[in-house]
Every structure is written in C-alpha cells, then in structure tokens.
Amino acid sequence: MRLLPGISSERRGFVLAWWGFAVTFGGMRLLTWLIHIDVAGVGDVQAGGVHIHHYVWGILLLAVVGAAGLVKRSARARAWMGLAYGVGMALIVDETALLISLEDVYWDTEGWVSIALAIALIAVVGGVLAATHRRRDPTQARDDD
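Here goes a summary of the coordinates provided. (Residues numbered from 1 in each chain as written. Predicted model: local features only at pLDDT ≥ 70, side-chain atom pairs only at ≥ 80, totals over all residues. Heavy atoms only, no water.)

### Thoughts on the packing of helix H1 (residues 9-36) against helix H5 (residues 112-131)
Okay, step 1: Packing of H1 against H5 brings their axes to within 11 Å, and their N-to-C directions diverge by 155 degrees. Taken together, the axes of H1 and H5 are roughly antiparallel relative to one another. Two packed elements cross with a definite hand, and for H1 against H5 that hand is left-handed. Listed contacts from H5 to Arg11, Phe14, Val15, Trp18, Phe21, Ala22, Phe25 and Arg29 of H1 are Ser114, Ile115, Ala118, Leu121, Ile122, Val125, Gly126, Leu129 and Ala130.
Okay, step 2: Class assignment for the residues of the contact of H1 with H5 results in 13 nonpolar, two polar and two charged. (Axes fitted to C-alpha atoms, helices over the stretch in contact; angles between N-to-C directions. Helix = DSSP H or I, 4+ residues; strand = E, 2+ residues; numbered from the N terminus. Parallel < 35°, antiparallel > 145°, perpendicular 65-115°, else oblique. Left-handed = near helix turned anticlockwise from the far one by under 90°. Contact = heavy atoms within 4.5 Å. Nonpolar A, V, L, I, M, F, W, Y, C, P; charged D, E, K, R; others polar.)

Right under this line is the structure:
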C-alpha cells in the first residue's frame, strides 16, 4: 500500500485512526465555531426541525466499522476502517460533555470536558504509537494489498 509505506499493515489502521481522530476533532471544532458565529451558508444539520448532533453520525460510523470488522479484511480495508474509526470516535468525543450532562453545553464552561478528553486521547495515543514504533524488518514480506 502506497499510503504510509514505512508503517506495517498491522499498525497502519491505528495510525490512520489517530490521524483521523485529530483532524476530525479539529475540523468539527472549526465547523461548529463557524456555525456559532453565524457564518453565511454554514448551519446545523436538522431533520424535522430537530438538530442532529454530530455524535449521532459518529455512533453510526462506529457501528458500520464494527460490523465490517466482523469479517476478514485486506490490509487496505483495515487501513480505511482505522481512518473511519478515528473519525467516528472524534465525532463522539467532541460531544462528550453533552452526553454526560444531557444538555447542550458545547460552548459553556462544562463543554471543556470534551476538549480536555480529546487532547488527552490525542496525546496518550500519539505517545503510545511513538513508544511502540519499531522499524519494519526489510527481510519480511510486504503486505501491499
């Protein structure tokens, strides 16, 4: 696989999950801030007049990744599943404060719980990925599917 060639196929999904989480978390914070300051053309997703929070999309995405993980997959599919997993987790973690309080506290002081948790996860998982990194054995066969 050309994407992340220096990373083993077993580890690639984890690295992509971490990247997907970090980028999605930052992107969602930016998007919700643009909605919060009423930027033209940017708004909430609604169905029947009810705001659908982005944790719902995260739960649905994790359900799909979980179901797909029940069958044997190629290294390429596992990498994409890792990315989708990270995106789904970010959508949920970004609204942890709402899920804890059952109130929309996204822009309140209580909303910082979500930010603290996301930053802690990015730091800890990044640290674990860095600490457990080992070079690929050049004599080992490559898994390029």
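### Structural notes on the environment of histidine 51
Okay, step 1: Note on placement: histidine 51 falls in strand E2 (residues 50-51).
Okay, step 2: We classify histidine 51 as partly exposed; its relative accessible area is 29%.
Okay, step 3: Other than its neighbours up to four places away in sequence, histidine 51 contacts Asp44, Val45 and Gln46.
Okay, step 4: A distance of 3.5 Å separates polar atoms of two side chains, one belonging to histidine 51 and the other to aspartate 44. (Buried < 20%, exposed > 50% of the residue type's maximum accessible area, 1.4 Å probe, protein only. Polar contact = N/O pair within 3.5 Å; in protein donor to acceptor, adjacent residues only side chain to side chain.)

### Some remarks on H5
Since there are 3.6 residues in each turn of an α-helix, residues three or four apart along the chain are aligned in direction.
Okay, step 1: The end-to-end C-alpha distance of H5 is 28 Å, a good match for the 28 Å that 20 residues give at a rise of 1.5 Å each.
Okay, step 2: Within H5 the residues assigned to the buried category are Ser114, Ile115, Ala118, Gly126 and Leu129. Viewed along the axis of H5, the buried residues span an arc of 100 degrees, placing them on a single side of the element. Pointing more than 90 degrees away from the buried face of H5 are the exposed residues Trp112, Val124 and Ala131.
Okay, step 3: As for H5, its buried residues are in contact with H1, helix H3 (75-93) and helix H4 (96-101). (Expected span 1.5 Å × (residues − 1). Arc of directions from axis to C-beta.)

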